[in-house]
Amino acid sequence: MFTFRMFRMELQCSWIFLLLSCLLQSLSAHSGFFTSIGQMTDLLYTEKDLVTSLKDYIRAEESKLEQVKQWADKLDSLTATATQDPEGFLGHPVNAFKLMKRLNTEWGDLESLVLKDTTDGFISNLTIQRQHFPTDEDQTGAAKALLRLQDTYRLDTNTISTGNLPGVTYKSPMTVEDCYELGKIAYSEVDYYHTELWMDQALTQLDQGEDSPTDTVTVLDYLSYAIYQQGDIERALEYTKRLLELDPEHQRAKGNLKYFQFQLEKQKKEADAEPQKTKEQGTTETGKKEPKKKGFREPIPERKKYEMLCRGEGIKMNPRRQSRLFCRYFDNNRHPNLLLAPVKQEEEWDRPYIVRYHDIISNSEIEKIKELAKPRLRRATISNPVTGVLETASYRISKSAWLTGYEHPMIEIINQRIEDLTGLEMDTAEELQVANYGVGGQYEPHFDFGRKDEPDAFKELGTGNRIATWLFYMSDVAAGGATVFPDVGAAVWPKKGTAVFWYNLFSSGEGDYSTRHAACPVLVGNKWVSNKWIHERGQEWRRPCSLKESE
C-alpha cells in the first residue's frame, strides 16, 4: 500500500513537472517579440480580438464609457488595415514600436479605467490576453531599434516622426507621446544624445499645436538636462529659462538655473585668466597636434565602414575588376541533376569569391519553410568566445529555428540542391537554420568560422570548422537588410528566391578573414533568410587541401 501511494505521488509530481516545463517553454517562446517581425504579426490579431471584445463591452455600457468607445474606434481602424498585410504593416519600424507601446503600456492604462465598473466580459478577455503581451523589454527593444536605424541610415527625427521612410506602404506618424517615450527610454539608458533629439522633436510638435497629455514643462525638463550633460550649458540655460516662464515654481528648474549661471560665470573667468599668447595660438603647446604626414590616410573604423555599406555607400569595385565578374548558366561540371536544368549564377564579388544563384528556391518552398519554422522560432544566440555558453546579444536581433531533413521531404530536397550546386558533402553540415529579423533586425560584423583563438568552437559537433556558408533570401526587403563585408567593401542585397555562397576557409584550411560580414538593420520590411553552414569533414576528396596558406 505504501509503495502504491509513493508511486501515485511520484506520478503526480511528474505530471506537475511536465506541466510547468510546458508552461515555461510556452512563455519563453513568446518572449522577445521585438526580435521577430514574423511572430509579431500574431500580436496584431490579438489586438484585433481585444478591440472586438472591447466593442461588445461598449455596447453594454455605452452611456457610461464614451471615452473607452473612442479608444476602440481608433484601434478598430488601425487593426483592420494592419491585418490585411501584417508583415508589410510591421515592416515599418514606427508601426512595430507603436504596437509594442500600445500593448505594453496603453492597454494596461485602459484596464485600470474599465476596472472601475462592475463588468467582467472585457476585463476577463484582456486579463487572459495580457499573459501573452509584450513586456517592457520588448518596448525598450523596439525603441532602441528605432534609434539604431536613425544612426545607421542617418535619419533625422522629423523624417521618422512623419513616417516618411523609403519604401513604406503604411505611413505612420508619431505623436508627441511617442517621441517623448523614445526620449525617456534613451534617458534611462544614459543616452543623452538621443534624449535631446527626441525631446526636441516632441517640443517641436507641441509648439506646432499638437494636442497631447504630455506637457511642455516636462519635455523642457528632460531636454535641458540632456543638453547640459553634453556640455552645452548655455543652451541648457535657455531651455531652463523657458521652463520657468511656464512654471515659475518648478523647484528643480530654479536650482538648475542658479547652477547653470554659476558654471557659465566660472567658465568665463577661466577663459579671461588664460594668457594672451594662448588665446592667439588657440591651443597650448601640449595640445598641439602633429601635422599629418603627406599622403597618409587614417584607416576607417569598421563600424563606420559597416554603416556606410548599409547605406549603399563606401568602397566600390573598380571597372576593371567589375568587368571580370560574369553571369552564366551553371551546371557544376555537367552534374546529372543540373544538366537539363542549369541554374542562373551571378558573380557578386571576386575576393572573397561570392556567387549568387537566382530562382533557386520557389515561393511554395519558402512558405513551407516559414510554416515549419515559425512555431519554433527562438531568440537567436551567439557563442560566448570566453565561456562557450550560448547567450543573447544586442548586436544580433532576430529569432531562429533549425529544420532537419527528417521533418519534411522538402528540407531534404533543398539540402540535396545545395550539395549539387556546391559539390560539398551535406551529411556533416549543420541543419538548415531559418531566421526572421525583428524591428531594426541586424547581426553586426562577425565570422562564421572558428578562429585560432577559438580552438573548441565546434568541437562538440566533431565535423571540423565551417568551411563554407550558403544563405537563402526568402523575402524582399523594402529598405536596408543588406549582407555586407566591411573589410572588402562588398554589399549583397536581399532578393527573394536567390541564394549566395562563399567559402569561409581557404583550401589550406586557414580562415579567410576577408569573409567577416554583417546583416544590416532592416529599415523597412520583413527579412526572412535560411542558411546552411557546411563543415570540413567529408570534403577531403571534394575540395582537396592546398599546400599554400592563402589558397
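This part covers the overall build of the protein chain. Scanning the protein chain for helices and strands turns up 18 helices and 17 strands. Residue burial in the protein chain is summarised as follows: out of 551 residues, 48% are buried. Partitioning the contacts of the protein chain with sequence separation of at least 6, the portion at a separation of at least 24 is 73%. Accessible surface, the protein chain: about 29,200 Å² in total, of which carbon and sulfur atoms supply 53%.

A separate point is the state of the cysteines. What the rule picks out here adds up to 1 disulfide. Note on cysteine connectivity: cysteine 310 is disulfide-linked to cysteine 520, with sulfurs 2.0 Å apart. One quick way to see it: the torsion about the S-S bond of cysteine 310 and cysteine 520 is about -85°, and its sign makes the bridge left-handed. With cysteine 310 in helix α15 (residues 302-310) and cysteine 520 in the loop between β15 (517-519) and β16 (522-524), the pair connects residues that are 210 residues apart, well separated along the chain. We note that cysteine 310, like cysteine 520, is buried.

A word on unusual backbone geometry. The omega angle of the peptide bond from arginine 351 to proline 352 is 0°, so this bond is cis rather than trans. With respect to the helices, strands and loops of the structure, proline 352 is situated in the loop between β2 (343-349) and β3 (354-358). Even without glycine at this site, valine 190 takes up a positive phi of about 60°. Mapped onto the secondary structure, valine 190 falls in the loop between α9 (176-188) and α10 (192-207).

This next bit is on a negative patch on the surface. Taken together, the side chains of Glu265, Glu270, Asp272 and Glu274 make up a negatively charged region of the molecular surface. Relative to the helices and strands, glutamate 274 is located in the loop between α13 (251-272) and α14 (276-281).

Turning our eyes to something else, we now look at helix α6 (residues 121-130). Buried within α6 are the following residues: Phe122, Ile123, Asn125, Leu126 and Gln129. Along the long axis of α6, the arc covered by the buried residues comes to 165°, so they all point the same way. Of the surrounding elements, those touching the buried residues of α6 are α2 (37-61) and α5 (93-114).

Here the focus is the pattern of salt bridges. For the coordinates displayed, the defined rule picks out 31 salt bridges. A salt bridge links glutamate 47 to arginine 102; the shortest N-O distance between them is 2.7 Å. Taken together, the residues span a long stretch of sequence, with glutamate 47 in helix α2 and arginine 102 in helix α5 at a distance of 55 residues. Each of the two residues, glutamate 47 as well as arginine 102, counts as buried. Among the charged side chains, a network of salt bridges with common partners joins Lys98, Lys101, Glu106 and Asp178.

This part is about the sheet that holds strand β12 (residues 483-485). Ordered by their spatial adjacency, 4 strands build an open sheet running β9-β15-β12-β13, and the pairing between neighbours is antiparallel. Edge positions in the sheet fall to β9 (443-446) and β13 (490-492), since each has one partner strand and no second. Between one strand axis and the next, the sheet turns by 15° as a mean value, whatever way the strands run. With 2 bridges joining them, β9 and β15 adopt antiparallel strand pairing. Directly across from tyrosine 443, in β15, lies its bridge partner alanine 519.

This part takes up the sheet that holds strand β1 (residues 327-330). Here we have 9 strands laid out as an open sheet, ordered β1-β2-β3-β14-β10-β17-β8-β7-β4, and antiparallel in their pairing. Each edge of the open sheet carries a strand with a single partner, namely β1 and β4 (378-379). Where helix α18 (residues 409-422) meets the sheet, its contacts fall on β1, β2, β3, β7 (398-403), β8 (432-437), β10 (466-473), β14 (498-503) and β17 (528-535), and the angle it forms with β10 comes to roughly 120°.

What follows deals with the nonpolar core. Of all hydrophobic cores here, the largest spans 80 residues; its most connected members are Met40, Leu54, Trp107 and Phe122. Discounting chain neighbours no more than four positions away, the residues touching phenylalanine 122 are Leu50, Ser53, Leu54, Tyr57, Trp107, Leu110 and Val114.

Once that is clear, we can look at the confidence of the model for the protein chain. The predicted coordinates of low-pLDDT regions are not to be read in fine detail. Model confidence for the protein chain is summarised by a mean pLDDT of 86, while 87% of its residues fall at 70 or above. Scored below 50 in pLDDT, residues 1-29 makes 6 contacts in the model with residues more than four places away or belonging to other chains.

It is at 11 Å that the axes of helix α17 (residues 363-373) and α18 come closest, and there the two elements cross at 120°. In terms of orientation, α17 lies oblique with respect to α18. Crossing of α17 against α18: the hand is left-handed. The residues of α18 that touch α17, namely those facing Ser364, Glu365, Lys368, Ile369 and Leu372, are Met410, Ile411, Ile414 and Arg417.

Each value, and the rule that gives it
- Residues numbered from 1 in each chain as written.
- Predicted model: local features only at pLDDT ≥ 70, side-chain atom pairs only at ≥ 80, totals over all residues.
- Heavy atoms only, no water.
- Helix = DSSP H or I, 4+ residues; strand = E, 2+ residues; numbered from the N terminus.
- Buried < 20%, exposed > 50% of the residue type's maximum accessible area, 1.4 Å probe, protein only.
- Contact = heavy atoms within 4.5 Å.
- Areas by Shrake-Rupley, 256 points an atom, 1.4 Å probe, with all protein chains shown as cover.
- Disulfide = S-S within 2.5 Å.
- Patch = residues over 30% accessible without salt bridge, like charges linked within 9 Å, V, L, I, M, F, W, Y side chains within 5 Å.
- Salt bridge = Lys/Arg side-chain N within 4 Å of Asp/Glu carboxyl O.
- Lys, Arg positive; Asp, Glu negative; His and termini not counted.
- Charge placed at Lys NZ, Arg CZ, Asp CG, Glu CD.
- Arc of directions from axis to C-beta.
- Pairing = 2+ DSSP bridges.
- Axes fitted to C-alpha atoms, helices over the stretch in contact; angles between N-to-C directions.
- Core = buried A, V, L, I, M, F, W, Y, C linked by side-chain atoms within 4.5 Å.
- pLDDT = per-residue confidence, 0-100.
- Parallel < 35°, antiparallel > 145°, perpendicular 65-115°, else oblique.
- Left-handed = near helix turned anticlockwise from the far one by under 90°.

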